[in-house]
Every structure is written in C-alpha cells, then in structure tokens.
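Tertiary structure, described
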There are 4 protein chains.
Amino acid sequence: MITDEFLKSSIMARRAVASGSAGRQHRLTIADQGDYEYVYGPYSNARLEIDPGDVVVVETEDAFGGVITSEDDRPTEKLTFPFLNPQCGPIAVRGAEKGDCLAIAVHAVDNRGGFGTTCLLPEFGALVGTSVTAMLNQPLPEIVRRVRVDAEGTHWNDRLVFPYEPFIGTIGVAPQLEAISSLQPDYHGGNMDLPDVRPGAIIYIPVHTPGGMLFVGDCHATQGDGEITGVAIEQPANVTLQVDLIKGWSFAGPRLETEDFIMAVGSARPLDDAARIALRELIRWMAADYRFDELDAYMVLGQVGRMRLGNMVDPKYTMGASILKRYLG
Amino acid sequence: MITDEFLKSSIMARRAVASGSAGRQHRLTIADQGDYEYVYGPYSNARLEIDPGDVVVVETEDAFGGVITSEDDRPTEKLTFPFLNPQCGPIAVRGAEKGDCLAIAVHAVDNRGGFGTTCLLPEFGALVGTSVTAMLNQPLPEIVRRVRVDAEGTHWNDRLVFPYEPFIGTIGVAPQLEAISSLQPDYHGGNMDLPDVRPGAIIYIPVHTPGGMLFVGDCHATQGDGEITGVAIEQPANVTLQVDLIKGWSFAGPRLETEDFIMAVGSARPLDDAARIALRELIRWMAADYRFDELDAYMVLGQVGRMRLGNMVDPKYTMGASILKRYLG
Amino acid sequence: MITDEFLKSSIMARRAVASGSAGRQHRLTIADQGDYEYVYGPYSNARLEIDPGDVVVVETEDAFGGVITSEDDRPTEKLTFPFLNPQCGPIAVRGAEKGDCLAIAVHAVDNRGGFGTTCLLPEFGALVGTSVTAMLNQPLPEIVRRVRVDAEGTHWNDRLVFPYEPFIGTIGVAPQLEAISSLQPDYHGGNMDLPDVRPGAIIYIPVHTPGGMLFVGDCHATQGDGEITGVAIEQPANVTLQVDLIKGWSFAGPRLETEDFIMAVGSARPLDDAARIALRELIRWMAADYRFDELDAYMVLGQVGRMRLGNMVDPKYTMGASILKRYLG
Amino acid sequence: MITDEFLKSSIMARRAVASGSAGRQHRLTIADQGDYEYVYGPYSNARLEIDPGDVVVVETEDAFGGVITSEDDRPTEKLTFPFLNPQCGPIAVRGAEKGDCLAIAVHAVDNRGGFGTTCLLPEFGALVGTSVTAMLNQPLPEIVRRVRVDAEGTHWNDRLVFPYEPFIGTIGVAPQLEAISSLQPDYHGGNMDLPDVRPGAIIYIPVHTPGGMLFVGDCHATQGDGEITGVAIEQPANVTLQVDLIKGWSFAGPRLETEDFIMAVGSARPLDDAARIALRELIRWMAADYRFDELDAYMVLGQVGRMRLGNMVDPKYTMGASILKRYLG
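Residues numbered from 1 in each chain as written. Chains lettered and ligands numbered in written order. Predicted model: local features only at pLDDT ≥ 70, side-chain atom pairs only at ≥ 80, totals over all residues. Heavy atoms only, no water.

**Describing the interface of chain A and chain C**
Taken together, the contacts link 58 residues of chain A with 58 residues of chain C. Taking both sides of the interface into account, the surface hidden between chain A and chain C amounts to around 4500 Å²; carbon and sulfur atoms contribute 68%. By the criterion of area lost to chain C, the three top residues of chain A are Tyr 298, Met 299 and Gln 303 of chain A, representing 18% of everything that side buries. Across the chain A-chain C interface, the total number found is zero salt bridges. One can count 24 residue pairs in polar contact (both at pLDDT 80 or more) joining chain A with chain C. (Contact = heavy atoms within 4.5 Å. Buried area = accessible area lost by both parts, 1.4 Å probe. Salt bridge = Lys/Arg side-chain N within 4 Å of Asp/Glu carboxyl O. Polar contact = N/O pair within 3.5 Å; in protein donor to acceptor, adjacent residues only side chain to side chain.)

Here you go:
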C-alpha cells in the first residue's frame with residue numbers, strides 16, 4: 001500500500017492537476033472491457049474516461065488470457081500468437097495531451113482466484129535460443145506450474161514458499177503513431193516486467209496522444225530479477241490505480257518514485273543500452289529537478305547509483321536506474 | 001534492371017499466382033498518395049488495389065520528406081519527429097492473406113530531380129551516442145550535403161564520384177496488429193537499408209493481414225555497408241515494382257532472390273542477433289526447399305555463406321545472409 | 001566483518017582443507033611486494049607462500065598506483081597505460097593444483113590514509129564512447145575528486161556523505177596459459193568491481209595453475225552498481241584474507257557465499273552474456289550441490305533469483321546471479 | 001600471389017625499412033618450432049630472428065594440432081583445452097620496438113597434405129549456446145568432415161566443390177604484458193579469421209614489445225563470412241611471409257592493404273563494437289594519411305564504406321572496415 005505520508009510529499013502531490021488527491025472511484029471490469037487489447041497504440045477506443053486524480057480498479061486477466069488452467073496444458077497448443085498478454089483499457093484522462101505526463105499511483109495489486117501460473121515456453125527465456133537470439137539447438141520441454149497464491153505467499157512446492165510481492169508487469173500509454181505489441185516495453189512503458197512497479201510506487205509516463213490512453217495488464221505474484229524464464233507467477237488481479245496528470249512535464253521514458261528513491265527506466269537490447277538509457281535519463285532528471293551539475297550527477301551515480309534488472313526476455317530488455325532520495329539533497 | 005532470363009527462372013515465376021508475368025501497369029503518384037504514412041500497420045487505407053502480377057510505378061519522396069533543400073538548412077529545425085521517412089502506399093494485393101507471401105520484383109529505382117541529400121544528424125549514426133546507445137558526450141555538428149546525381153554517379157565533390165547504385169531503403173508489408181515506425185526494420189521488412197534491395201532483385205515478404213498492404217519509400221542513390229552516418233544519399237525516386245503473390249508460403253522475415261544468390265534478412269540489436277536471425281532463416285530455407293539436411297546447411301554456410309551489413313543505425317540493425325545459387329545443387 | 005557463525009556453517013568450513021579454521025597470520029607489505037603486477041598470469045613469481053587456512057594482510061595501492069594526489073592532477077598526464085590497476089601478489093597456496101578451488105574469506109578491507117580518489121577519465125565509462133564502443137564524439141572533461149573517507153563515510157561534499165561500504169575491486173588467480181590485464185575480469189576473477197566481494201563474503205575461485213597464485217588490489221570505499229564512471233572511490237587499503245583450499249572442486253568461474261545467499265559471477269560483453277554466464281553457473285551449482293533438477297532451478301530463479309550489476313565499464317562487464325540460502329532447502 | 005606492381009606501390013614499399021624489397025629467405029619448420037605456442041605473449045622465446053624484409057616460409061599445423069584424422073574421431077575426445085589452435089613462432093624482427101609497426105606481405109598459403117578438416121563442436125558456433133552466450137539447451141551433435149583439397153577446390157561432397165581461397169586465420173604480435181589465447185583476436189591481431197588475410201594482402205600490426213614477436217597459424221582452405229560453425233576448412237599449410245618494419249608508425253589495431261583497398265580491423269563483442277572499432281580506426285587513418293577531414297571521412301564511408309565479417313564465434317568477433325583506394329584521392 002502506498003502511504004499517505006509519501007503520497008503527500010510526492011512529485012505527484014506537488015505538480016499534478018489534482019495534487020495527488022484521490023477523486024472519483026471507477027471500476028473497469030472484464031465485462032466492461034470486452035475485447036482485450038494486444039497492442040499499445042492510438043487506434044483503440046477508450047473503455048473509460050476519467051478526470052485527473054480519479055481512482056480506477058481494473059480487473060486484469062493473466063498474461064495467458066486465462067487459458068492455461070492445468071499443469072497438463074501444453075502452452076503451445078493453448079496460446080495463439082500475437083494474442084498474448086491481453087491488456088485492459090485504454091483509459092482516457094481528460095485534459096491529457098502530448099507534452100504532459102501521467103502520474104499513476106499504484107495502490108494495490110490483488111490476486112484474484114488464489115492461484116498463479118508459470119511455465120517454460122519453447123524458444124522464450126534468457127537461457128535459451130529465441131526468435132531473436134536465434135539458435136539451432138533443440139528447445140527445452142514445455143513445463144507448466146500452477147501454484148497456490150495466498151497471504152503466506154506463492155507455494156512453489158512443499159518445501160518452498162516465495163513471498164507474495166505483486167506488481168504490474170505491463171502498464172503504459174499509447175504512442176503517437178506506433179502500435180506496439182503488449183509483449184514489448186519501450187519509451188511508452190509497456191511490458192517492462194519491473195518489480196518496482198508495485199503497490200507503493202508512483203509511475204510517471206509521458207503522454208503522446210490526446211487522453212494519454214492508459215493500458216494495464218499482466219500482473220505478477222512473484223518474480224525474480226530478469227524474469228529469466230520469460231514467465232513470472234502470472235495472476236489475474238484487481239489493480240487499484242490513482243491516475244493524475246502533470247501538465248507540461250515530458251521526458252524520454254517511464255520514471256518511478258517511491259518513498260525512498262527515484263528511478264528512470266530504460267528498455268533496449270542489449271542490456272547495456274537499457275542501462276544507458278535509464279542512467280542518462282536519471283542524470284538528466286537530477287540535473288533538471290535536483291540542482292545537480294550533469295557531470296556531478298554522473299559521478300554521484302558512479303558511487304551510489306543502483307541498477308535493477310526488470311526483464312531480459314521480452315523484445316526489449318528493461319533496467320531501472322535509481323538513487324535514494326537521501327542523496328538528492 | 002531485372003533480366004528476363006532471371007525472372008523466368010525465379011521462385012516468383014515458379015510459385016506465384018501470375019507466374020512472374022507482368023500484368024496491368026499502375027502509377028501511384030505523390031498526388032494520389034495524399035498524406036504519407038509514417039508507420040507500417042494495418043490501420044491505413046489502401047491507396048491502390050492491384051491484382052497479383054501487376055506493375056506499379058510509385059513516386060516516392062526522400063527520407064526527409066523533401067524539406068531539406070539546401071546545405072544551409074539545419075535538419076533539426078526542418079524535421080519533426082515522428083514524421084520522418086514518409087512512406088507511400090499501402091497497396092493492397094487482391095487475394096493476399098495471412099500465410100501467403102508477396103513477391104516483389106524491383107524493376108527500377110529512378111532518381112527524380114537530379115540530386116541527392118545526406119547529412120549528419122545529432123545523436124544518429126553508428127559512431128555517435130544515440131537515444132538508445134545513450135551517451136553524455138556532446139553531439140557532432142549538423143552537416144548537410146546536397147549533391148548532384150546523374151548517369152555518371154553521385155558527385156561527392158570535385159575529386160570524388162561515387163557509383164549510382166540505387167536501391168529501396170524501406171519496403172514492407174503491414175503487421176497483423178502492430179504499427180511499426182517507418183524508421184524501423186523487422187519481420188515485416190521496413191527500414192532495412194539493405195543495398196541488395198535493388199533493381200534486379202525479387203523480395204519475398206510474408207503477409208500478415210488481408211491484401212498484404214505494401215508500403216515503400218526512402219530510396220537511396222548510393223550507400224555504404226551499414227549506412228553508418230544514418231543517412232545515405234537520399235533521393236526522391238520513381239520505383240517500378242512487379243508485385244506477385246505466392247499462396248501458402250510463409251516464414252519468419254524478408255527473403256531476397258537475385259540471379260546469383262538467395263538471401264534471408266534479419267533485423268535486431270545487437271548486430272549478432274540480426275546475423276543469427278538471417279542465418280537461421282537461410283538454413284531453414286535451404287532445408288525446406290533445397291534438400292539440405294539442416295546441420296549440413298549450417299556447415300556449408302560456415303564455408304561459403306556470405307553476410308551483408310544493411311544498416312547499423314536504425315532502431316534495429318539489419319544483416320542479410322546469402323548463399324550463391326551454384327551451391328544449392 | 002565475517003561472523004564466526006557464518007564461517008563455521010560455510011562451504012569453506014565443510015569442504016576446505018583447513019575446515020575454515022584460521023592458520024598462521026602473514027603480512028604482505030608494499031615493501032615486500034616490490035614491483036606490482038599488471039597482469040593475472042602464470043609468469044609471475046610468488047611473493048608469499050602460505051598453507052591452506054592461513055590469514056594474510058595485504059597492503060594494496062589504489063587503482064591509480066597512488067599517483068593522483070590532488071584534484072588539480074590530470075589523470076591522462078599521470079597514468080601510463082598498461083601500468084594501471086597495480087596488483088599485489090601472487091600468493092601461492094601449498095597444495096593447490098588445477099581442479100581445486102581457492103576459498104577466500106574476506107575479513108576486512110581497511111582504508112589507509114583517510115582519503116579516496118575518483119575521477120572522470122576520457123573515453124572510459126558507461127555513458128561515453130570508449131576504445132571499444134568507439135565513437136567520434138569529443139570526450140568529457142577530466143575531473144578529479146579527492147574526498148575524505150572516515151568512520152562516518154565518504155564525504156562527497158558538504159551536503160552528501162556516502163556510506164563507507166568497502167570491497168575488493170580486483171581479486172583472482174592465475175590462468176593456466178593466459179596473462180590477463182588487471183583491468184579485465186573473467187573466469188579467473190580479476191577486475192570484477194562487484195560490491196559483494198566485501199568483508200563478510202567468501203569467494204571461491206577455481207585453480208588453474210600450481211599454487212593457485214592469488215592476486216589482489218583495487219579496493220573501493222564506495223561504489224554504485226555498474227561503477228558507471230569507470231572509477232569508484234579508489235583507496236589504498238589493508239585487506240585481510242583467510243585463504244583456504246578445496247580439493248577437487250572446480251567450475252566455470254568465481255562463486256561467492258555470504259551468510260544469506262550464494263552467488264555465481266559472470267563476466268562478458270554485452271551485459272546479457274555476463275548475466276547468462278552467471279545464471280547458468282548458479283543453476284548448475286544448485287543442481288550439483290542442492291538437489292535441484294536443472295529446469296526446476298531455472299524456474300525457481302525466474303521467481304526469486306537476484307541479479308547484481310558489478311561493472312559495465314571494464315573490458316568485460318560483470319554480473320552476479322544469486323539466490324537466498326533460505327530457498328535452497 | 002601478391003603482384004609486384006602492388007608491392008612496389010604499397011605503403012610497405014614507401015615506408016618500411018627494407019622498402020618492401022625481399023631479403024633473405026628463412027624456413028621455420030615444425031621441427032624447428034618444437035613446442036607450439038597457445039598464447040600470444042611476451043613470455044615466449046623467439047624461434048627465429050630475422051631482418052626487416054626477410055622472407056619466411058612457416059610450416060603451420062591445423063587448428064586441431066593435427067589430431068583429428070578421421071570422420072569417426074570425436075573432437076571432444078581428441079582436443080584438450082586450452083591446447084587448441086597451435087601457433088608457430090614467435091619470430092623476432094631486428095630493430096622492432098614499441099611504437100613501430102610490422103608490415104607483413106602474404107605471398108602464399110599452400111595446403112600441405114591435400115585435405116582439410118572441419119567439424120561441429122558442442123557449445124561452439126554462432127547459432128548455438130556457448131560458454132559465453134550460455135544456454136540451457138542441449139548441444140548439437142559432434143560431426144567431423146574431412147575433405148579433399150586440391151587445385152580444383154575444396155570437395156565438400158560429390159555435388160559441391162567450394163573454391164580454394166586460402167588465408168591465415170591467426171596471425172599477430174606479442175602484447176606488452178598480456179598473454180592472449182590463440183583463440184582470441186584483439187588489438188594484437190590473433191584469431192581474426194578474416195578471409196582478407198590472404199595471399200596478395202599486406203598486414204600492418206603495431207609492435208608492443210622488442211622484436212615485435214610474430215606468431216602465425218590456423219590456415220583455412222575455405223571459409224564463409226563469420227566462420228559461423230566456429231570451424232573453417234582447417235588445413236596444415238606452408239605460409240610464405242615477407243616481414244618488413246615501419247619505424248614510428250603505430251595505431252590501435254591491425255590494418256590491411258591490398259591492390260584495391262585499405263582496411264582497418266576491429267575485434268570485440270558484440271559485433272556492433274567490432275564494427276565501431278574498425279570504422280573509427282579507418283576514419284582516423286583516412287584523416288592522418290589521406291587528407292580527409294574526419295567528419296568528411298565518416299560521411300564518405302557512409303556512402304562507399306564496406307564491411308567484412310571475419311568471425312562471430314571466437315572470444316571476440318572481428319569485422320573489417322574498408323574503402324576502395326580509388327576513393328582515397
């Protein structure tokens with residue numbers, strides 16, 4: 001849960017139209033949604049229109065569209081490319097236009113149904129040949145794991161319980177002209193698979209098209225750094241988002257704020273470039289808003305910067321570069 | 001020019017609906033085109049509908065949309081992202097549907113206007129920091145070169161004349177759901193900047209959406225391997241294409257045939273993965289259509305395979321893997 | 001400091017020749033050292049020979065060889081390639097031979113002199129063109145920062161004090177035939193610049209040559225993930241190491257154990273491959289010593305694996321893949 | 001064969017101590033060699049000392065050390081890491097010292113024995129998981145091909161004969177301090193596997209240590225771009241080299257001259273960086289010796305630069321960037 005104290009001291013509170021105060025509450029159910037979206041683009045109709053500050057509870061389906069229901073399922077028989085990673089929305093925010101930024105406070109990500117699903121998919125993952133890192137080796141076998149998820153955590157097996165640390169795998173806005181697969185992260189957010197996008201964080205994403213057009217989906221109950229098998233503990237979830245609007249604040253890609261740190265997010269291949277994008281963007285943020293000289297910011301990050309690997313399996317890999325607020329002066 | 005002899009012995013002749021015979025001739029002028037397209041997607045209206053085998057002369061604008069007209073222009077003042085690399089089309093091909101493949105014979109790429117333009121753009125190019133390989137160094141200066149292009153070649157300066165070796169920088173089809181920037185190459189073709197896409201070649205691109213929806217633009221008068229400054233000798237051109245349709249032939253990305261060789265094209269970052277995609281696809285082609293065992297094809301390419309660098313500056317880099325027909329048995 | 005409890009429960013205690021018990025104490029002073037070493041190779045004479053379990057206090061010089069003594073110094077005038085990153089040792093361990101593994105418990109890294117030095121070097125760092133990621137942009141200016149280091153921390157300026165979190169930047173053994181620059185990390189350890197190599201950790205490195213031949217140097221007072229400027233808070237230090245020997249335990253690269261987790265380390269370019277090496281090695285470790293099925297280990301790391309970026313500036317980049325011991329069953 | 005006309009107009013003729021004139025002839029037989037070398041380092045004894053301009057015929061063994069003699073051999077049983085890719089030499093050149101450059105004209109690479117050998121090795125090659133691009137997939141099977149090599153070419157099978165296009169896979173000098181595996185290419189030359197290092201070319205390699213210390217081995221009868229299986233048609237050969245010395249000419253890595261073009265060679269991972277090294281070095285060469293402005297050279301290479309893929313399988317990948325002499329003015 002996001003704390004009131006943080007919310008009131010956040011950038012969202014200081015700069016957004018609704019000052020970080022919660023407005024009306026909406027619900028976007030799966031029935032409201034109708035067809036899911038599989039690309040982040042400006043060609044979709046808004047399913048909901050809200051005012052800055054409004055709170056929306058979105059019912060999301062898991063990344064498999066809910067079709068994998070048993071450990072005996074074969075994912076390659078159940079899944080149909082490119083209809084993977086179904087997204088809810090888009091949600092239009094009144095007054096949002098290019099040059100602005102959506103501020104999205106994540107209040108909650110609540111598992112629906114008491115279970116989560118993960119699997120090994122052929123030609124997908126960090127340690128196997130893929131359609132991009134194309135190899136001639138035989139693929140690994142398909143394996144499905146369907147596990148209990150409850151207050152105690154994610155029950156991997158009799159011995160191992162992993163913490164329930166839910167977050168949003170895929171969230172972002174519509175690009176201006178492009179329609180980007182929901183499997184891909186980039187400057188618009190998208191499939192970042194970054195565990196920091198969790199309850200307690202505020203995400204800032206630049207707007208490219210009228211209304212901003214917010215999409216969300218793909219919640220995870222638990223995930224390691226890199227999501228190395230390509231699949232986390234995927235879960236259907238109810239996601240509670242407070243969506244505010246900052247006029248006239250724009251930058252190169254997603255940013256994130258928590259009680260303790262600020263983070264810039266980069267997505268690219270190879271990982272080196274994802275890191276570079278994130279780092280340069282964080283340096284520029286420190287220079288613009290925290291009175292650092294750019295080269296001093298660079299040297300400070302050299303000593304206390306932190307790097308978080310989001311995913312290294314999606315069409316672009318994601319890293320977050322962060323600095324503790326205590327070093328921002 | 002494509003030779004008759006090659007055309008008659010080509011895959012297009014053997015497998016396409018019109019057997020590689022030229023049908024009706026069409027013209028898609030800039031006036032017909034109206035607004036240019038800046039994404040390759042299924043959301044655009046066809047500007048022209050043709051039958052398999054028809055020939056189309058497309059008037060294309062240069063990659064700058066024709067706005068750079070003097071060496072005193074500053075590109076950063078004239079160009080407006082994302083409205084770069086304007087594309088003509090899409091052209092719908094009757095009967096084309098997912099699972100098929102367009103066969104596009106390039107008959108001619110004719111310079112219009114007698115000049116070509118190239119430049120150095122800040123943060124664009126293989127040897128400078130970019131928005132992806134993000135650096136803190138200062139960018140290089142902007143430089144525009146506008147040069148005469150005629151039968152003799154591309155007149156770089158008093159001393160240097162480069163050969164006029166025109167080709168199509170950007171050509172491809174609409175993806176099923178995605179709308180991909182015209183700056184980017186991928187499985188759908190797009191901004192490959194591969195000099196082999198020249199008069200005399202036939203390009204095969206899998207269809208993802210009804211009509212195939214062919215886009216084309218961005219012709220180059222001359223370009224080195226890698227297009228390392230990010231900008232070739234850009235020229236407005238008349239492009240003559242014979243567009244045929246092969247039913248029920250589909251694969252992972254663009255393929256190319258000339259009198260002498262067959263080539264598979266891969267686009268990815270880093271370059272290693274572009275090469276891998278191209279190589280694996282060529283191996284699969286050799287195994288499917290030329291009776292090679294897959295591992296034998298791999299070993300044969302180890303000894304006589306050829307790699308061509310298309311671009312290493314676009315959002316994805318492009319390589320072509322080819323083998324001479326004489327080694328195909 | 002390493003706790004007794006951890007030391008007694010460690011792999012070192014269970015498998016090493018001296019069972020993790022401390023033997024004789026040695027000191028390798030700068031005077032004893034004489035000439036520093038600048039490559040990790042089998043061609044250097046041992047400066048000290050010890051028994052398994054012996055404790056050595058090594059006086060190390062900073063990565064600049066101590067020649068940068070003022071913020072007015074210009075590093076490019078003071079430093080002479082390839083005589084950078086001076087190393088102490090090698091230390092021969094009696095009985096060590098190829099197929100064995102050195103177990104090195106880091107007891108302490110103590111700053112000598114009360115200061116630390118960092119700088120911006122031209123063409124070195126993660127966000128600038130380098131000799132490898134070769135660019136045409138002008139380099140950044142040289143900047144030297146010489147800062148007070150004391151119990152309170154690293155005093156960056158009047159406002160900012162960073163924690164004193166010392167560790168060993170460069171440590172490793174001699175390869176069998178190669179002599180590897182002390183600037184480079186690889187299978188032998190070397191310049192990993194991984195903050196986890198800190199007091200409280202035990203490092204396991206496979207032996208390639210008689211005596212193992214342990215080198216050490218390049219201690220850091222403070223460093224962020226990635227050491228992105230290429231230079232941490234470099235300090236001369238006294239390093240206290242307990243060096244034990246595990247017979248007949250060998251693997252692909254450095255491993256690390258702390259009270260809480262085990263980690264495998266990979267060094268490569270691009271970062272993707274550093275991550276892959278580390279992850280595969282951790283999976284193999286879990287399969288060999290912790291009774292995981294290899295694919296189950298892969299899937300478990302997908303959910304609770306952790307990735308730590310060491311450096312992304314050296315000739316190879318370094319990542320550590322780790323798992324908390326509590327998930328090892 | 002290198003033509004007299006080229007030799008007389010070459011950089012070697014204009015700048016080297018012996019002006020490109022052939023001196024005394026030497027022979028370095030396998031018997032003279034004694035033990036092969038497996039690293040390029042300054043720690044080896046010269047097997048031969050020559051004057052600038054002298055010609056040496058070196059008997060080289062194939063990359064397997066000659067131990068694979070039948071298609072029934074299993075390479076993993078016959079080969080012992082790190083004793084792979086045996087090198088002959090080093091040959092000391094009188095008067096060579098750091099800051100100079102060896103100029104090596106390749107007169108001939110003659111097959112010895114009438115056969116060549118290639119194979120698939122587990123975890124080695126461009127399209128399989130390796131020790132660096134570490135994967136969990138099962139390796140491909142081991143396959144050995146031993147083929148006839150004669151005047152007609154390389155006889156792959158009854159249908160396919162590949163051209164005999166012999167070149168030197170591994171050639172270079174000793175680094176100053178490092179000893180680099182003969183499997184790896186870098187600034188010193190080494191295992192570049194670049195087909196342009198063939199009879200008719202002159203190679204220029206900067207000297208790092210007294211005598212230069214020239215190593216050579218690993219000749220190939222035929223090889224495709226990228227040497228994608230990791231193994232070309234490996235052959236024992238007699239290599240005829242004319243070795244001259246250019247005083248006071250030094251640069252970042254190997255360069256190459258033929259009758260038609262000049263080339264700079266870069267080795268790195270990923271391929272992008274190999275290309276960048278090669279390109280920047282070629283630009284610097286054009287600026288230093290051919291009166292180009294650096295940015296003009298960059299733009300000229302953008303239009304007529306050529307890239308050749310050497311290998312993408314060795315510990316570093318190799319690319320050559322070249323420009324035709326006719327564009328050098």
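Resuming the write-up.
**As for the pattern of salt bridges**
One pass over the full model with this rule turns up 84 salt bridges over all chains. Across the pair Asp 273 of chain C and Arg 276 of chain C runs a salt bridge whose closest N-O atoms are separated by 2.7 Å. With Asp 273 of chain C and Arg 276 of chain C both in helix H5 (residues 271-289) and three residues apart, this pair spans about one turn of that helix. Each of the salt bridges in this network shares a partner with another, and the network as a whole consists of Glu 49, Asp 51 and Arg 94 of chain A. (Helix = DSSP H or I, 4+ residues; strand = E, 2+ residues; numbered from the N terminus.)

**Points about the sheet that holds strand S19 (residues 255-257) of chain A**
Residue and element names in this part refer to chain A. An order of S1-S4-S18-S6-S15-S19-S20-S22-S21 is seen for the nine strands of this open sheet, with the pairing classed as mixed. Since the sheet does not close on itself, it has two edges, and those belong to strand S1 (25-28) and strand S21 (306-309), each with one partner. Averaged over all adjacent pairs, the angle separating strand axes in this sheet is 25°, with direction ignored. Direction of pairing for strand S20 (residues 261-268) relative to strand S22 (residues 317-324): antiparallel, over a ladder of eight bridges. Paired with Ala 264 across the two strands is Ala 321, which belongs to S22. Each of S19, S20, S21 and S22 is contacted by helix H5 (residues 271-289), which is oriented at about 145° to S20, the strand it contacts most. (Pairing = 2+ DSSP bridges. Axes fitted to C-alpha atoms, helices over the stretch in contact; angles between N-to-C directions.)

**Some details on the pairing of strand S18 (residues 237-246) of chain D**
Residue and element names in this part refer to chain D. For S18, the buried fraction is high: 10 of the 10 residues fall into the buried class. Judged by which residues are buried, S18 turns out to be covered on both faces: Ala 237, Val 239, Leu 241, Val 243 and Leu 245 on one side and Asn 238, Thr 240, Gln 242, Asp 244 and Ile 246 on the other are all buried. In this structure, strand S4 (residues 55-60) lies alongside S18, joined through six bridges in antiparallel fashion. Along S18, the bridge assignment pairs Val 56 with Leu 241. Bridge count between strand S6 (residues 101-111) and S18: 10 bridges; the pairing is antiparallel. Counterpart to Leu 102 in the pairing with S18 is Leu 245. (Buried < 20%, exposed > 50% of the residue type's maximum accessible area, 1.4 Å probe, protein only.)

**Observations concerning unusual backbone geometry**
A cis amide bond, omega 0°, links Phe 81 of chain B with the succeeding residue Pro 82 of chain B. Structurally, the position occupied by Pro 82 of chain B is in the loop between helix H4 (75-78) and strand S5 (88-93). A cis amide bond links Gly 89 of chain D with the next residue in sequence, Pro 90 of chain D, at an omega value of 5°. Tracing the backbone through its elements, the reader meets Pro 90 of chain D in strand S5 (residues 88-93). Phi angles above zero are rare outside glycine, and Glu 123 of chain A is one such case at about 60°. Among the secondary structure elements, Glu 123 of chain A is positioned in the loop between strand S7 (115-120) and strand S8 (143-150). Of note, Asp 193 of chain A is a non-glycine position whose phi angle comes to about 50°, a positive value. As for its placement among the helices and strands, Asp 193 of chain A is situated in the loop between strand S14 (189-190) and strand S15 (202-206).

**Focus: the confidence of the model for chain A**
Per-residue confidence for chain A averages 97 on the pLDDT scale, and 100% of its residues sit at or above 70. In the model output, the complex is listed with pTM 0.98 alongside ipTM 0.97. (pLDDT = per-residue confidence, 0-100.)

**Structural notes on the side chain of Asp 196 of chain A**
Residue position: Asp 196 of chain A is located in the loop between S14 and S15. Once residues within four sequence positions are removed from consideration, Asp 196 of chain A is found in contact with Ala 201, Leu 256, Phe 261, Met 263 and Arg 308 of chain A.

**Overview of the sheet that holds strand S21 (residues 306-309) of chain D**
Residues and elements named next belong to chain D. One open sheet accounts for nine strands, arranged S1-S4-S18-S6-S15-S19-S20-S22-S21; its pairing is mixed. The outermost strands of the open sheet, each flanked by one partner alone, are strand S1 (25-28) and S21. Averaged over all pairs of adjacent strands, the angle between strand axes in this sheet comes to 25°, irrespective of strand direction.

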